[in-house]
Amino acid sequence: MTQLQVLLVAGTHGNEINGIWLFEQWEKSPFLINTHGIKTYKVIGNPEAKKAGKRYIDNDLNRSFLEESFSSINSSNIEAKRANQLVQLYGNSGENPCQIALDFHTTTASMGSCLVIYGRRNADLALAGLIQNKLGLPIYLHESDKKQTGFLVESWPCGLVIEIGPVGQGLLNSKIISQTKLILENLLEQIKNVNDLNLSSPEKLIIHRHVKSIDFPRDEEGNINCFVHPSRQGRDWYPLAKEDELFCEFNGESINFNEQQSFVPVFINEAAYMEKNIAMSFTKRELWDFDEKWEKSLIELVRQK
């Protein structure tokens, strides 16, 4: 039986420094974090971007975990090489095989603390459900977006992204650091409970399922000519209804939401998504029954049976 090992990643984006700082303090003080006896490997995802104080050097590392990246080991692309290296070192078949990856991020959007899962893998849903049941964190299910792929956690059998905000890029914030520590310790505690068959799964999950992303309004030359409306700015997780104000022109004229069905916007005006032509993403809030097969998959993964 292979020992359960968990990969902890901070700094997948080099200018998201709060998780990096916490990991550095943890390195100096080994008892700073209660790991609940779980074997962990903590790494800085993109050390070159960290040194440069940038989100990335060549490409977004959190979009670089793709088959074509893994087949291009000799690539000069910094992030492609780093993605290969992380999988070779800590992938499920790597030198130090980890079954679970927890990737800690921060956001400039008013998202608070939340979990992000990619697709509908059973173990991901089970672990996210355990944390939602314990801490009440929203779960953002990111799927059906062909433009957004190659996420780090998808290369491990089970993986969650933890988003905490709002905080500016490159800024340390005590609240963000405290939330990172709290969620990290609770995740490891829940994994320990799974290993001990002492888990308490919820009956229901609240899921915010990704539907689509929208760009800012632009002029004929492709330049942004509106900003997020003041009544919408900072209102992540609040539903949109028809005729709600969405964007605002400089002259004060508003552009309203005109779709028939309601959506819940997330990552509103996220600074890092400007380059991706994303002003916000729309989700549908859904209540799911917790499926016993999710729990079974997570138990089998954690206990290696």
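Anything mentioned here points back to the structure above.
Residues numbered from 1 in each chain as written. Predicted model: local features only at pLDDT ≥ 70, side-chain atom pairs only at ≥ 80, totals over all residues. Heavy atoms only, no water.

*Asks:* Looking at this structure, how should I read the sheet that holds strand β9 (residues 245-248)?
*Replies:* The strands making up a sheet associate through hydrogen bonds between their backbones, and the pairing can be parallel or antiparallel. With antiparallel pairing, the three strands of this open sheet are ordered in space as β8-β9-β10. Whereas interior strands pair on both sides, the edge strands pair on one side only; in this sheet they are β8 (227-228) and β10 (254-256). Here β8 runs beside β9; their pairing, made up of two bridges, is antiparallel. Across the sheet, Val-228 pairs through a bridge with Phe-247, a residue of β9. (Pairing = 2+ DSSP bridges. Helix = DSSP H or I, 4+ residues; strand = E, 2+ residues; numbered from the N terminus.)

*Asks:* When you look at the pattern of salt bridges in this model, what are you seeing that I'm missing?
*Replies:* If the charged atoms of two oppositely charged side chains come close together, the side chains can form a pair. This structure, assessed with the given rule, holds 18 salt bridges. Glu-286 is the partner of Arg-209 in a salt bridge, and the nearest nitrogen-oxygen pair spans 2.7 Å. One end of the pair, Arg-209, is in strand β7 (residues 204-214); the other, Glu-286, is in strand β12 (residues 280-289), with 77 residues separating them in the sequence. With a closest N to O distance of 3.8 Å, Glu-275 and Lys-276 form a salt bridge. Connected through shared salt-bridge partners, Glu-16, Arg-55, Asp-60, Arg-63, Glu-275 and Lys-276 make up one network. (Salt bridge = Lys/Arg side-chain N within 4 Å of Asp/Glu carboxyl O.)

*Asks:* Explain the pairing of strand β6 (residues 158-164) to me, please; I cannot follow it from the model alone.
*Replies:* Consecutive side chains along a regular strand alternate between the two faces of the sheet. With seven of its seven residues buried, β6 lies for the most part within the structure. With seven bridges joining them, strand β3 (residues 100-106) and β6 adopt parallel strand pairing. Bridge assignment links Thr-106 to a residue of β6, and that residue is Ile-164. Alignment of strand β4 (residues 113-118) against β6, held across four bridges, turns out to be antiparallel. Residue pairing for β6: Cys-114 is matched across the bridge by Glu-163. (Buried < 20%, exposed > 50% of the residue type's maximum accessible area, 1.4 Å probe, protein only.)

*Asks:* In this structure, what is going on with unusual backbone geometry? I would like to understand it.
*Replies:* With glycine set apart, most residues show a phi of negative sign, and most peptide bonds adopt trans. In this structure, the amide linkage connecting Gly-165 to the following residue, Pro-166, adopts the cis form with an omega of 0°. Examined against the element boundaries, Pro-166 turns out to sit in the loop between β6 and α6 (174-195). You will see that Asn-277, though not glycine, has its phi angle at about 60°, which is positive. Judged by its relative accessible area of 41%, Asn-277 falls in the partly exposed class.

*Asks:* Is there a simple way to think about the sheet that holds β7 in this case?
*Replies:* The strand order β2-β1-β3-β6-β4-β5-β7-β12-β11 describes an open sheet built from nine strands, whose pairing is mixed. Every interior strand has two partners, whereas the edge strands, β2 (39-44) and β11 (264-266), have only one. On average, each strand axis in the sheet is tilted by 30° relative to the strand beside it, whichever way the strands run. Helix α1 (residues 17-28) contacts β1 (5-10), β2 and β3 of the sheet and is inclined by roughly 125° relative to β2. Helix α4 (residues 78-90) contacts β1 and β2 of the sheet and is inclined by roughly 165° relative to β2. (Axes fitted to C-alpha atoms, helices over the stretch in contact; angles between N-to-C directions. Contact = heavy atoms within 4.5 Å.)

*Asks:* Sorry if this is basic, but what is going on with the packing of α1 against α6 here?
*Replies:* Helix packing geometry: the angle between the two helix axes and the distance between the axes. Here α1 crosses α6 at 65°, and the two axes come no closer than 9 Å. Considered as vectors, α1 and α6 are oriented roughly perpendicular to each other. Our pair here, α1 against α6, has a crossing hand that is right-handed. Of α6, the residues touching α1 (which contributes Asn-18, Trp-21, Leu-22, Phe-23 and Trp-26) are Ile-176, Ile-177, Thr-180, Lys-181 and Leu-184. Partitioned by chemical class, the residues of the contact of α1 with α6 number seven nonpolar, two polar and one charged. (Parallel < 35°, antiparallel > 145°, perpendicular 65-115°, else oblique. Left-handed = near helix turned anticlockwise from the far one by under 90°. Nonpolar A, V, L, I, M, F, W, Y, C, P; charged D, E, K, R; others polar.)

*Asks:* Just to check I follow, could you spell out the packing of aromatic side chains for this structure?
*Replies:* Two aromatic rings are characterised by how far apart their centres lie and by the angle between their planes. Inspection of every chain in the model, using the stated rule, returns 12 aromatic pairs. On the basis of an interplanar angle of 50° and a centroid distance of 6.4 Å, the ring pair of Trp-288 and Trp-294 is categorised as tilted. The residues Trp-288 and Trp-294 share a single accessibility class, namely buried. By the ring-pair criterion, three or more aromatic residues cluster together here, those being Tyr-140, Phe-267 and Tyr-273. Lying over the aromatic face of Trp-26, Lys-42 brings its terminal NZ or CZ to 4.4 Å of the ring centre. For the cation-ring pair, Arg-235 lies above Tyr-238, with the distance from its terminal atom to the ring centre recorded as 4.0 Å. (Phe/Tyr/Trp six-rings, centres within 6.5 Å; stacked < 30°, edge-to-face > 60°. Lys NZ or Arg CZ within 6 Å of the ring centre and 35° of its normal.)

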